[in-house]
Amino acid sequence: HFLLYFEIFPKGAGTVVQDLISLGLKYPALRDEIYVQICKQTTPNNTETTAKYGVLDIETKTRNWELMTVVASCFAPGEDLYPYIENYIKENTYD
């Protein structure tokens with residue numbers, strides 16, 4: 001689902017985002033996994049993403065962070081993951 005939003009099918013992004021939000025709202029146990037996957041996609045020099053798709057352009061990076069913003073506005077990460085996400089955002093929003 002994430003790659004649909006990030007790169008492959010940008011025209012279907014709204015549906016993918018709605019699906020992710022719906023899953024997170026319906027199944028709270030999935031919320032942390034959603035955050036972790038977004039972090040993987042927004043990590044600078046993510047070797048898996050870079051190897052498969054090359055260096056992410058500014059538009060893709062922007063969409064990645066937009067998704068993080070939308071998810072964060074709909075539900076918070078779990079109590080245990082929260083400090084890690086907070087720190088991740090502080091350390092990775094410089095570009």
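Up top is the structure these notes are about.
Everything in this summary refers to the structure shown in the same document.

About the cut-offs
- Residues numbered from 1 in each chain as written.
- Predicted model: local features only at pLDDT ≥ 70, side-chain atom pairs only at ≥ 80, totals over all residues.
- Heavy atoms only, no water.
- Helix = DSSP H or I, 4+ residues; strand = E, 2+ residues; numbered from the N terminus.
- Buried < 20%, exposed > 50% of the residue type's maximum accessible area, 1.4 Å probe, protein only.
- Contact = heavy atoms within 4.5 Å.
- Core = buried A, V, L, I, M, F, W, Y, C linked by side-chain atoms within 4.5 Å.

**Remarks on the overall build of the protein**
- For the protein, the count of helices and strands is 6 helices and 0 strands.
- Moving toward the C terminus, one meets the helices and strands of the protein in the order α-α-α-α-α-α.
- Classification of the 95 residues of the protein by burial places 34% in the buried group.
- Taking the intrachain contacts of the protein between residues at least 6 apart in sequence as the baseline, contacts between residues at least 24 apart amount to 70%.

**Notes on the nonpolar core**
- By size, the foremost hydrophobic cluster in this structure holds 15 residues, and its most contacted members are Tyr35, Ile38, Leu67, Met68, Val71 and Phe75.
- Contributions of two or more residues to this core are made by α2 (13-26), α3 (31-42), α5 (58-74) and α6 (82-92).

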